[in-house]
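# Survey of secondary and tertiary structure
Spelled out, the chains give:
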Amino acid sequence: DALKVRHVLEGSVRKAGDRIRISAQLIDASRDAQLWSETFDRVLSTDNLFDIQDEIAAAIVAAIDQNLGVDFGALSQVRKRTGNVDAYALFLQARTLYYARVELSRVADLLAQAVELDPGFSDALAMRAAVFAFAAEYGWALAETPAQARAKARELAGAALAIEPDQGLALGVISLSQMLDAASGEATVELASILDGYNRALTIEPRNVDLINWRGYSLIRAGYFDQSEADFRRCRELEPTYAPCRANLAGALLLLKRADEA
């Protein structure tokens with residue numbers, strides 16, 4: 001009732017040795033009735049980690065279609081981020097805190113551990129780069145000065161791009177760090193160049209809420225309030241619980257003299 005939703009998908013994960021048990025169920029909250037449930041017992045290894053994700057996602061989508069009549073169409077396969085299960089577990093821990101923008105020092109440490117286990121883990125490198133780029137904006141000092149942290153961000157982003165030239169988040173980090181350098185008077189960078197970086201990244205990852213939010217943030221800093229609002233609304237549409245977009249949308253609306261909406 002509090003969430004004003006009728007159907008809830010919930011699940012649990014238990015691990016023992018090299019085996020993993022994942023349970024999922026679809027519930028009709030209005031009737032407190034279970035519509036579907038399934039348990040997946042699998043051997044967990046670096047070879048089948050992402051295959052398991054694909055299998056479970058397909059089963060859940062099929063159950064939703066059968067019970068609720070919602071057709072999601074063909075699913076894309078989960079992109080294999082790393083061959084190291086422990087590195088991936090560290091990445092997932094970091095990602096939860098990262099999206100909430102809390103404990104950023106711990107996020108950086110978790111991602112450093114992930115990269116130590118798998119030096120080719122470009123997603124972990126790119127996310128760590130992002131943390132260094134914006135940490136000072138949230139009150140976290142990951143280097144002696146914010147400028148040094150942003151320089152470290154570009155170094156990490158470059159390392160990610162050396163592994164994966166089309167790493168969208170890493171491309172976005174470069175633009176974000178340049179924008180923040182310009183805003184602080186550390187450098188002079190053309191807005192067009194910054195936006196080109198975001199736009200290139202978004203052709204690779206069009207649904208990446210970080211990239212959309214950062215582009216909106218750069219636009220708002222440059223005085224383009226209407227365009228920034230469009231980005232923040234798109235970001236919220238894709239991920240309503242993503243806190244940075246909510247805050248930035250409120251800021252854009254205030255600047256547009258729409259305080260009630262803000």
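All of the points below concern the structure found in this document. The model shown is predicted, which means the values in this text are computed figures rather than measured ones. (Residues numbered from 1 in each chain as written. Predicted model: local features only at pLDDT ≥ 70, side-chain atom pairs only at ≥ 80, totals over all residues. Heavy atoms only, no water.)

Relative to the 18 Å expected for 13 residues at 1.5 Å per residue, helix α4 (residues 122-134) spans 19 Å between its end C-alpha atoms, a close match to the ideal helical length. Burial of α4 is extensive: 13 of the 13 residues sit out of reach of the surface. (Helix = DSSP H or I, 4+ residues; strand = E, 2+ residues; numbered from the N terminus. Expected span 1.5 Å × (residues − 1). Buried < 20%, exposed > 50% of the residue type's maximum accessible area, 1.4 Å probe, protein only.)

Moving on, we get to the packing of helix α2 (residues 85-100) against helix α3 (residues 104-117). At a minimum axis separation of 8 Å, α2 and α3 run at an interaxial angle of 160 degrees. The orientation of α2 relative to α3 falls into the category roughly antiparallel. α3 is crossed by α2, and the crossing has left-handed handedness. The segment α2 lies against α3, with D86, A87, L90, F91, Q93, A94, L97 and Y98 engaging R106, V107, L110, L111, Q113, A114 and L117. A class-by-class count of the residues in the contact of α2 with α3 yields eleven nonpolar, two polar and two charged. (Axes fitted to C-alpha atoms, helices over the stretch in contact; angles between N-to-C directions. Parallel < 35°, antiparallel > 145°, perpendicular 65-115°, else oblique. Left-handed = near helix turned anticlockwise from the far one by under 90°. Contact = heavy atoms within 4.5 Å. Nonpolar A, V, L, I, M, F, W, Y, C, P; charged D, E, K, R; others polar.)

Right, let's talk about unusual backbone geometry for a bit. A positive phi angle, close to 60 degrees, is found at R101, a residue other than glycine. Here R101 shows up in the loop between α2 and α3. Its relative accessible area of 7% is what places R101 among the buried residues. For K257, which is not glycine, the phi dihedral falls at a positive 65 degrees. Mapped onto the fold, K257 is located in the segment after α10 (243-255). According to the relative accessible area criterion, K257 is exposed, its value standing at 75%.

Quick look at the state of the cysteines now. Each disulfide is one covalent bond, formed between the sulfur atoms of two cysteines. Using the criterion set out here, one finds one disulfide in the structure. Each sulfur in the disulfide pair C235 and C245 lies 1.9 Å from the other. The chirality of the disulfide connecting C235 with C245 is right-handed, given an S-S dihedral of about 110 degrees. Highlighted residues: C235 in helix α9 (residues 225-238) and C245 in helix α10, separated in sequence by ten residues. By the burial criterion, C235 is buried, and C245 matches it. (Disulfide = S-S within 2.5 Å.)

The sheet built from three strands is open, its strands ordered β1-β2-β3 with antiparallel pairing. Strands with a single pairing partner mark the edges of an open sheet, and in this sheet they are β1 (7-16) and β3 (33-43). Along the sheet, successive strands turn relative to each other by an average axial angle of 10 degrees, direction set aside. Strand direction decides the pairing type here: β1 and strand β2 (residues 19-28), joined by ten bridges, are antiparallel. Residue V13 lies in a different strand from β2, and its bridge partner there is I22. Across the sheet, helix α1 (residues 49-68) touches β1, β2 and β3, and the angle it forms with β3 is around 165 degrees. (Pairing = 2+ DSSP bridges.)

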